[in-house]
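Single-letter residue listing:
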Amino acid sequence: MASQTLHLSWHNPVKISWGCGAFNALQFNQPLVLIADRGALGGENEKFLRGLLEDHCKSIAWFEGGLASVEKAKELCDCLWPVLDQYPDCLVLAVGGGSTLDLAKAVRFRLPSEISAEQVWRTNQLPDSFHRHPLWLIPSTAGTGSEVTPWATLWDTLAPQPQKLSWSPTNGFAERAIIDPDLSRSCPLSLSRDCALDSLAHALESLWNINRTPITEALAIEAACTVIAQLPALLHCDENYEAQTELARASLLAGLAMSQTRTALAHALSYQLTLDENLPHGHAVAVWLPMVWDIAIKSSTDCQKSLSQIFENSSDFGVTEIHQWICAVGIEPRELRTTDAGRHQLINELSSARGRNFLGTYL
Ligand SMILES: [Zn+2]
């Protein structure tokens, strides 16, 4: 019988430190600037980090929450680039949720003063001259996977038509990701839920994706099954340490899968909801998962095989179960296929950058 050879590519150079206590084990031996999420780095963690950084820390910039906007990125650059300019090997260290980490991905590419940073981010074109600083990312939530992907979401909220930008420089990966489940223990439950839903979305979006490989599929199925099992357990008891640790693991696995495939249709649909209704990202993407799941299994036998592993013993490849599960965690699924306007929106998003990664066809 003729054998079939698969040629797989995998590129993710981020050195990952994982586990409870990874944060406390950090050591620094070079100058650094810190970008920190005010909400995440409170109390003991801040005290610990300030003690650890000592003289190495040349400046601290706080992120006070909200969207990772072009405006906020510029503000951070104005504050930190003069410091980075003095220390060419200065490390950019970021501790926080996905928005904080995404902002750090913009800051670490220092640009000459005569160049408009906003224009560079909008066009995704680095000039001939720039300085790329080393970057270490420490997520304080279990969800975005930003610490292991090379891209950053920046919201262009001041543009005439507010929109979501994807900052995707060459060589955008961080040098290190430090993932310590202990850091997400103080997260409010609603934030933990939305972050876990984002992880689930990253896993599913890499399954119904034209860039999927057997490696990303294995990571994504494990991540999706973990979120499906552990998020209800966390919502039932918010001091469930095992569930928090497992959700942090799922976030990492889903992030690794997404780092190879990018996201797809549910993310494409989510961005307008975030702009129009101010829904948190995980919530905005989760409302579309049952509909996109249904389209995916109707379009692809590969998707049927993958998705049927997530809810075993399902009679319809998990369509009924994902709908019920999303409702059970407090999210109302949305459907676009029942109205002309909805179908029009769906067709539009299928031709967007993320929508084109979706391997389903509109039914
Ligand atoms: Zn996402």
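Each value, and the rule that gives it
In every chain, residue numbers begin from 1 and rise along the written sequence. In keeping with the model being predicted, local features are shown solely for residues with a pLDDT of at least 70 and side-chain atom pairs are shown and tallied solely at 80 or more, while totals for entire chains, interfaces and linings include all residues. Only DSSP runs of H or I covering at least 4 residues are called helices, and only runs of E covering at least 2 are called strands; the numbering of each starts at the N terminus. This radius of gyration counts C-alpha atoms alone. The globule rule is 2.2 Å times how many residues there are, raised to the power 0.38. Exposure in this text rests on C-beta crowding, where 20 or more other C-beta atoms within 10 Å of a residue's own make it buried, 12 or fewer make it exposed, and counts in between make it partly exposed. The C-beta atoms are placed from the backbone. What counts as a contact is two residues whose backbone-derived C-beta atoms lie within 7 Å of each other. By the convention used here, strands pair only if DSSP detects at least 2 bridges between them. By convention a crossover is right-handed if, when the strands point away from the viewer, the path from the first strand over the helix to the second runs clockwise. We call a set of buried Ala, Val, Leu, Ile, Met, Phe, Trp, Tyr and Cys residues a nonpolar core when their C-beta atoms link them within 7 Å. Source of the domain bounds: an automatic or database domain assignment. A helix is expected to span 1.5 Å for every residue after the first. Bend is the name given here to the angle between axes fitted to two runs of seven residues, the run ending at a residue and the run starting at it. Throughout this entry, Asp, Glu, Lys and Arg are counted as charged residues, while Ala, Val, Leu, Ile, Met, Phe, Trp, Tyr, Cys and Pro are counted as nonpolar. The remaining residues, Gly among them, count as polar. Note on geometry: axes are C-alpha line fits, over the in-contact stretch for helices, and angles between N-to-C directions span 0 to 180 degrees. With respect to orientation, any angle under 35 degrees is reported as roughly parallel, any angle over 145 as roughly antiparallel, any angle of 65 to 115 as roughly perpendicular, and every other angle as oblique. Left-handed describes a crossing whose near helix is turned anticlockwise from the far helix by less than a right angle; the clockwise case is right-handed.

1. Let's talk about the overall build of the protein chain
Across its full length, the protein chain holds 13 helices and 10 strands. What you see for the protein chain is a C-alpha radius of gyration of 20 Å, in line with the 21 Å of a compact globule of 363 residues. Taken over the C-alpha atoms alone, the protein chain extends approximately 60 × 50 × 45 Å along its principal axes. Counting across all 363 residues of the protein chain, residues that qualify as buried make up 48%. Across the protein chain, contacts joining residues at least 24 apart in sequence account for 77% of those joining residues at least 6 apart.

2. Here's the deal with the pairing of strand β4 (residues 91–96)
Counting buried positions along β4 yields six of six residues, so the element is predominantly enclosed. Alternating residues of β4 divide into Leu91, Leu93 and Val95 and Val92, Ala94 and Gly96, and every residue in both groups is buried. Here strand β2 (residues 32–37) pairs with β4 via five bridges, running parallel. The partner of Val33 across the bridge, within β4, is Val92. Bridge analysis of β4 against strand β7 (residues 135–139) gives five bridges, and the strand direction is parallel. From the neighbouring strand, Gly96 faces β7, where its bridge partner is Pro139.

3. Some words on the pairing of β2
Across the six residues of β2, six count as buried, placing the element largely inside the fold. Side chains Leu32, Leu34 and Ala36 of β2 all project onto a buried face; the interleaved residues Val33, Ile35 and Asp37 project onto the opposite face, where all are buried too. Regarding topology, helix α1 (residues 43–53) serves as the crossover connection from β2 to the parallel strand β3 (residues 57–63), and that connection is right-handed.

4. Observations concerning the nonpolar core
Membership of the largest hydrophobic core comes to 105 residues, with the highest contact counts inside it found for Ile35, Leu154, Ala223, Ala224, Leu289 and Val292. When we break this core down by domain, the ones giving at least three residues each are domain 1 (15–183) and domain 2 (188–357). Once residues lying within four places of it in the same chain are set aside, the contact partners of Leu289 are Ala201, Leu204, Ala266, Ile322 and Ile326.

5. Quick look at helix α2 (residues 70–86)
Here α2 is 17 residues long and its end C-alpha atoms lie 24 Å apart, about the 24 Å a rise of 1.5 Å per residue gives. When the local axis directions of α2 are compared, the greatest deviation, roughly 40 degrees, occurs at Leu80, which is followed within four positions by the proline Pro82. Here α2 has its buried residues at Val70, Lys72, Ala73, Leu76, Cys77, Leu80 and Leu84. Check the buried side of α2 and you find it contacts β2, β3, α3 (98–107), β5 (109–110), α4 (117–123) and β8 (152–156).

6. Points about the domain arrangement of the protein chain
Structurally, the protein chain comprises domain 1 (15–183) and domain 2 (188–357). Using only C-alpha atoms to locate each centre, domain 1 and domain 2 end up separated by 26 Å. On the side of domain 2, 21 residues touch domain 1, which itself brings 14 residues to the contact. Across the side of domain 1 that touches domain 2, the residue classes break down as seven nonpolar, five polar and two charged.

7. A look at unusual backbone geometry
Despite not being glycine, Glu54 shows a phi value in the positive range, around 40 degrees. Glu54 gets classed as exposed once you count the C-beta atoms within 10 Å, which come to 8. Despite not being glycine, Asn171 has its phi angle at roughly 65 degrees, a positive value. Locating Asn171 in the fold gives a position in the loop between β9 (163–167) and β10 (176–179).

8. Points about the environment of Ser314
Note on placement: Ser314 falls in the loop between α11 (301–307) and α12 (319–328). Among the residues examined, Ser314 registers 15 C-beta atoms within 10 Å and is labelled partly exposed. Ignoring sequence-local partners within four residues, the contact set of Ser314 consists of Ser308, Thr320 and Glu321.

9. Observations concerning the packing of helix α5 (residues 189–207) against helix α6 (residues 214–236)
Remark: α5 packs on α6, axes separated minimally by 8 Å, with the N-to-C direction vectors making an angle of 155 degrees. For the element pair α5 / α6, the angle class is roughly antiparallel. Every pair of crossing elements has a handedness; the one defined by α5 and α6 is left-handed. For the pair formed by α5 and α6, the contact residues are Leu189, Ser192, Arg193, Ala196, Ser199, Leu200, Ala203, Leu204, Ser206 and Leu207 on the first element and Thr216, Glu217, Ala220, Ala223, Ala224, Val227, Leu231, Leu234 and Leu235 on the second.

10. Structural notes on the sheet that holds β10
Within the open sheet, the six strands sit side by side as β1-β10-β7-β4-β2-β3. Their pairing is parallel. Two strands lie at the open edges of the sheet, namely β1 (15–18) and β3, each paired on one side alone. Across the sheet, the axes of successive neighbouring strands diverge by a mean angle of 15 degrees, strand direction being ignored. Helix-sheet contacts for α2 involve β2 and β3, and the interaxial angle to β3 is about 170 degrees.

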